[in-house]
Amino acid sequence: MINAVNDQPPGARRAAGDGVYDVVVIGAGAAGLSAALVLGRARRTVAVIDGGEPRNAPASHMHGFLSRDGLAPATLLELGRAEISRYGVRLIQGRVDRIDHGYYVRMAGGPTLKARRVLVATGLRDELPDIPGVRERWGKDLLHCPYCHAYEVRDRPLAVLGSHPGSVHQALLLRAWSDDVAFFPHTLKLTAQDRERLEARGLRIIEGEIRHLVIDDDRLQGIELTDGRHIPRAAAFLVPRMVPQDELLTRLGCDKDDDGWVTVDRTGRTGIAGVWAAGNIIDPCAQVITAAGLGSTAAFAINTDLLDEDVDRAVEQHRATARGDGR
């Protein structure tokens, strides 16, 4: 079911009366909403399609966003939706099945939106290791980004789960927030260099496979290994496998780099004319504030591209008028 959350407010420049939006933004996270804000203020007709599944929904607080540090992620999105509504941006709840060439955005079980340009900001999904307790504690006291969450668990006994090749770097980084960081290789094969760097940094390496996370009273208490050992820990970190939700782009034929991410220029422009991407769908390391900046950058580029098209049409009409052919 698709619900229009807001209509064009009084004073909006114009609605998409011909059924064509200047821009359709797919994804209503920080990147998509920031882009919509810039484009709405540029007096473009914009629709934002919100699938309602933000990546950071499990997190209670968001950090590192200047003037919004500590804000709940859901509150940020609520504020963003209210802001874009003031500029006539239409917010639609629903999912997109596909984008057809010609910028037809086809909704699942709903209408098809025609756009002049499309911005895809559908983010990524985190694939977690199959360790009991991981899903239950994800975003609570099992964390991912040290820059986002390590300060809140500073000086406590921390664990890093060897779930990803990037886990060693994560452990080395976390040593700045705690003197007691234990690295659990689990099934990760450490090189001699990895071991030397971890030990030199003052981290303990706890050998053995992880059986489960020990949870009591809705809190992480420690890590239990398959040999029965229990290592008390107050919080844990892991690097998930980050998978871009880029099916809409790949179906259009967008190119990917060797790591499997859609290639874009510095503004987020893909290899398909008229299609941009922004946020975690193109940058897995982007924090919320970074994703918002990527959305804003894409919006400037999209508006410039639309302006060039508008001017070309105006020049053509001007020349036709000058010739007197009325076209």
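Just so you know, the residues in each chain are numbered from 1, in the order the chain's sequence is written. The model is predicted, so local features are restricted to residues of pLDDT at least 70 and side-chain atom pairs to those at 80 or more, both for listing and for counting; the totals for chains, interfaces and linings are taken over all residues. Hydrogens and waters are ignored; side-chain quantities use all the structure's heavy atoms.

A. Local environment of the overall build of the protein chain. Helix numbering and strand numbering both begin at the N terminus, where a helix is a DSSP run of H or I of at least 4 residues and a strand a DSSP run of E of at least 2. Helices and strands together make up the secondary structure of the protein chain, namely eight helices and 17 strands. Under the scheme applied here, a residue whose accessible area is under 20% of the maximum for its type counts as buried, over 50% as exposed, and between as partly exposed, the area being computed with a 1.4 Å probe on protein chains only. A burial count over the protein chain gives 46% of its 327 residues as buried. Residue contacts are counted whenever heavy atoms from the two residues lie within 4.5 Å of one another. Sequence separation of 24 or more characterises 60% of the internal contacts of the protein chain that already satisfy a separation of 6 or more. Each accessible area value is a Shrake-Rupley result obtained with a 1.4 Å probe; residue values ignore everything except the protein chains displayed when judging cover. Of the roughly 16600 Å² of accessible surface on the protein chain, 48% is carried by carbon and sulfur atoms.

B. Just the packing of helix α1 (residues 30–41) against helix α2 (residues 73–85), in detail. Axis angles are defined between N-to-C directions and span 0 to 180 degrees, where every axis is a line fitted to C-alpha atoms and, for a helix, only to the segment in contact. Between α1 and α2, the shortest axis-to-axis distance is 9 Å and the interhelical angle comes to 20 degrees. In terms of orientation, α1 and α2 fall into the roughly parallel class. Handedness of the crossing formed by α1 with α2: left-handed. Contact residues: A30, L33, A36 and L37 in α1; L77, G80, R81, E83 and I84 in α2. For this scheme, ten residues count as nonpolar: Ala, Val, Leu, Ile, Met, Phe, Trp, Tyr, Cys and Pro. Four count as charged, namely Asp, Glu, Lys and Arg, and the remainder, Gly too, count as polar. Within the contact of α1 with α2, the residues separate by chemical class into six nonpolar, one polar and two charged. Here the angle decides the label: under 35 degrees means roughly parallel, over 145 means roughly antiparallel, 65 to 115 means roughly perpendicular, and every other value means oblique. Left-handed is the label given to a crossing in which the near helix is rotated counterclockwise from the far helix by less than a right angle, and right-handed is the label when the rotation is clockwise.

C. Summary view of the sheet that holds strand β12 (residues 210–216). Here we have three strands laid out as an open sheet, ordered β12-β13-β14, and antiparallel in their pairing. Every other strand in the sheet has two partners, leaving β12 and β14 (230–232) as the edge strands with one partner each. Averaged over all neighbouring strand pairs, the angle between strand axes comes to 30 degrees, with direction disregarded. When DSSP finds two or more bridges between a pair of strands, those strands are recorded as paired. Sheet topology note: the β12/strand β13 (residues 219–225) ladder contains six bridges and is antiparallel. Within β13, the residue paired with D216 across the bridge is R219.

D. Main features of the pattern of salt bridges. Think of a salt bridge as a Lys or Arg side-chain nitrogen and an Asp or Glu carboxyl oxygen that are within 4 Å of each other. In this structure the tally under the stated criterion is 24 salt bridges. A salt bridge links R241 to E127, with the shortest nitrogen-to-oxygen separation between them at 2.7 Å. In this pair, R241 sits in strand β16 (residues 241–244) while E127 sits in strand β7 (residues 124–127), placing the two residues 114 residues apart along the sequence. When salt bridges that share partners are traced, they join D22, R44, R116, R117, D265, R269, D305, E309, D310 and R313 into one network.

E. Quick look at the confidence of the model for the protein chain. Predictor confidence is given residue by residue as pLDDT, running from a minimum of 0 to a maximum of 100. Of the residues in the protein chain, 94% have a pLDDT of 70 or more, and the chain-wide mean is 92. Segment residues 1–12 is flagged for pLDDT under 50; beyond a separation of four residues in sequence, or across chains, it makes 27 contacts in the model.

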